[in-house]
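Residue strings, one per chain:
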Amino acid sequence: DKEKVDSFRLVLSALGPAPVVLKEAETFVKGKEPDIAMVREAGEIALRAAEGIVVQNASTSKSYRVKMAAIMAGRAVEEALGLETSHATQHKGRR
């Protein structure tokens, strides 16, 4: 039996004026067994949140920063939950 997640917090930072705690992700993950579907949903939650908070930056586009927020959130969740890296969030240079 896999253990269930009893504590979880996902925070987006460096996208807007202040870090944002994703309460929706915490609610979704808490009390469930870790799996790849959980990683994907946490990434989607981060994507939706990032779309509303990303500030325009001259060096990168808003769409790129939103996409990267979702990818990095997924990777962080995978690592925190001890899951094997999925192809969906794997960086091309990473093995």
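Owing to the predicted nature of the structure, the values given are computational and were not obtained by experimental measurement.

Re the packing of helix H2 (residues 36–53) against helix H3 (residues 62–81)
Two elements in contact, H2 and H3, have axes separated by 8 Å at closest approach and are oriented at 145°. The handedness of the crossing between H2 and H3 comes out as right-handed. Across the interface between the two elements, Ile 36, Met 38, Val 39, Ala 42, Gly 43, Ala 46, Leu 47, Ala 50 and Glu 51 from H2 touch Lys 62, Val 66, Lys 67, Ala 69, Ala 70, Ala 73, Gly 74, Val 77, Glu 78 and Leu 81 from H3. A class-by-class count of the residues in the contact of H2 with H3 yields 13 nonpolar, 2 polar and 4 charged.

Comments concerning the packing of aromatic side chains
Aromatic ring pairs: the centre-centre distance and the angle between the two ring planes describe each pair. Scanning the model with the defined rule gives 0 aromatic pairs in all. The positively charged end of Lys 32 is found above the aromatic ring belonging to Phe 28, 3.8 Å away from the centroid.

Some remarks on the nonpolar core
Counting residues in each nonpolar core, the largest one holds 22 residues, and the members touching the most others are Phe 8, Leu 10, Leu 12, Leu 22, Ala 50 and Val 77. Counting residues per element, the ones that place at least two in this core are helix H1 (23–29), H2 and H3. Looking at which element gives the most residues to this core, the answer is H2, with 7 residues.

Details of H2
Taking 1.5 Å of rise per residue, the 18 residues of H2 would be expected to cover 26 Å, and the 26 Å separating its terminal C-alpha atoms lies within 8% of that figure. Along H2, the positions that sit buried rather than exposed are Met 38, Val 39, Ala 42, Gly 43, Ile 45, Ala 46, Ala 49 and Ala 50. Buried residues along H2 cover an arc of 160° about the axis, so they all sit on one side. What points out from H2, more than 90 degrees from its buried face, is the exposed set Arg 40 and Gly 52. Contacts made by the buried residues of H2 are with strand E1 (11–12), H1 and H3.

Some words on the pattern of salt bridges
Under the counting rule described, the total for this entry stands at 4 salt bridges. Notably, a salt bridge pairs Arg 9 with Glu 26, separated by 3.9 Å at the nearest N-O pair. You can see Arg 9 sitting in the segment before E1 and its partner Glu 26 sitting in helix H1, a full 17 residues away along the chain. Between Arg 48 and Glu 41 there is a salt bridge whose closest N-O contact spans 3.7 Å. Given a relative accessible area of 26%, Glu 41 falls into the partly exposed group. Members of the salt-bridge network, linked through shared partners, are Arg 9, Glu 26 and Lys 30.

Regarding the environment of Ala 49
Note on placement: Ala 49 falls in helix H2. Each C-alpha atom of the pair Ala 49 and Leu 22 lies 7.6 Å from the other, and the pair is 27 residues apart in sequence. In contact with Ala 49, not counting residues within four places along its chain, are Leu 12 and Leu 22.

Reading the values: rules and limits
- Residues numbered from 1 in each chain as written.
- Predicted model: local features only at pLDDT ≥ 70, side-chain atom pairs only at ≥ 80, totals over all residues.
- Heavy atoms only, no water.
- Axes fitted to C-alpha atoms, helices over the stretch in contact; angles between N-to-C directions.
- Helix = DSSP H or I, 4+ residues; strand = E, 2+ residues; numbered from the N terminus.
- Left-handed = near helix turned anticlockwise from the far one by under 90°.
- Contact = heavy atoms within 4.5 Å.
- Nonpolar A, V, L, I, M, F, W, Y, C, P; charged D, E, K, R; others polar.
- Phe/Tyr/Trp six-rings, centres within 6.5 Å; stacked < 30°, edge-to-face > 60°.
- Lys NZ or Arg CZ within 6 Å of the ring centre and 35° of its normal.
- Core = buried A, V, L, I, M, F, W, Y, C linked by side-chain atoms within 4.5 Å.
- Buried < 20%, exposed > 50% of the residue type's maximum accessible area, 1.4 Å probe, protein only.
- Expected span 1.5 Å × (residues − 1).
- Arc of directions from axis to C-beta.
- Salt bridge = Lys/Arg side-chain N within 4 Å of Asp/Glu carboxyl O.

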